[in-house]
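# Observations on the model geometry
Residue-level listing of the chains:
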Amino acid sequence: MYKNSEGYSDPTAGKAIRAAVRMPTHVYNVYAALNQVAGLHGFEIVGLRDRKTGKEYRKSS
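Residues numbered from 1 in each chain as written. Predicted model: local features only at pLDDT ≥ 70, side-chain atom pairs only at ≥ 80, totals over all residues. Heavy atoms only, no water.

### Describing the overall build of the protein chain
On a plain count of helices and strands, the protein chain comes out with two helices and two strands. In sequence order, the protein chain lays out its α and β elements as α-α-β-β. The C-alpha atoms of the protein chain give 16 Å as radius of gyration, which overshoots the globular expectation for 61 residues (10 Å, by more than 25%). When its C-alpha atoms are laid out on the principal axes, the protein chain stretches across 50 × 25 × 15 Å. Positive and negative side-chain charges in the protein chain, numbering 10 and 5 respectively, have mean positions lying 6 Å apart. (Helix = DSSP H or I, 4+ residues; strand = E, 2+ residues; numbered from the N terminus. Rg over C-alpha atoms; globule rule 2.2 N^0.38 Å. Lys, Arg positive; Asp, Glu negative; His and termini not counted. Charge placed at Lys NZ, Arg CZ, Asp CG, Glu CD.)

### As for the confidence of the model for the protein chain
Taken over all residues, the pLDDT of the protein chain has a mean of 88, while the share at 70 or more is 97%. Mean pLDDT across the secondary structure elements of the protein chain bottoms out at helix α1 (residues 11-21), with 84, and peaks at helix α2 (residues 25-40), with 94. (pLDDT = per-residue confidence, 0-100.)

### Points about a nonpolar patch on the surface
A cluster of nonpolar side chains, contributed by Tyr2, Ile17 and Val21, occupies part of the molecular surface with about 290 Å² of accessible area. Of note, Tyr2 is situated in the segment before α1. (Patch = residues over 30% accessible without salt bridge, like charges linked within 9 Å, V, L, I, M, F, W, Y side chains within 5 Å. Areas by Shrake-Rupley, 256 points an atom, 1.4 Å probe, with all protein chains shown as cover. Salt bridge = Lys/Arg side-chain N within 4 Å of Asp/Glu carboxyl O.)

Here you go:
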């Protein structure tokens, strides 16, 4: 649960922060498929970059 600087629970801000750092579903689906195939050959996909927008997505732990 997210807490503000004064130590009080702030669920609205917590939801917004989680949504901002979360990988979009359509990107995650591509990431998961690529990572499964790469895993069969001993590799791991660490990130994706959208050619159109230039936005980079990295899988956090």
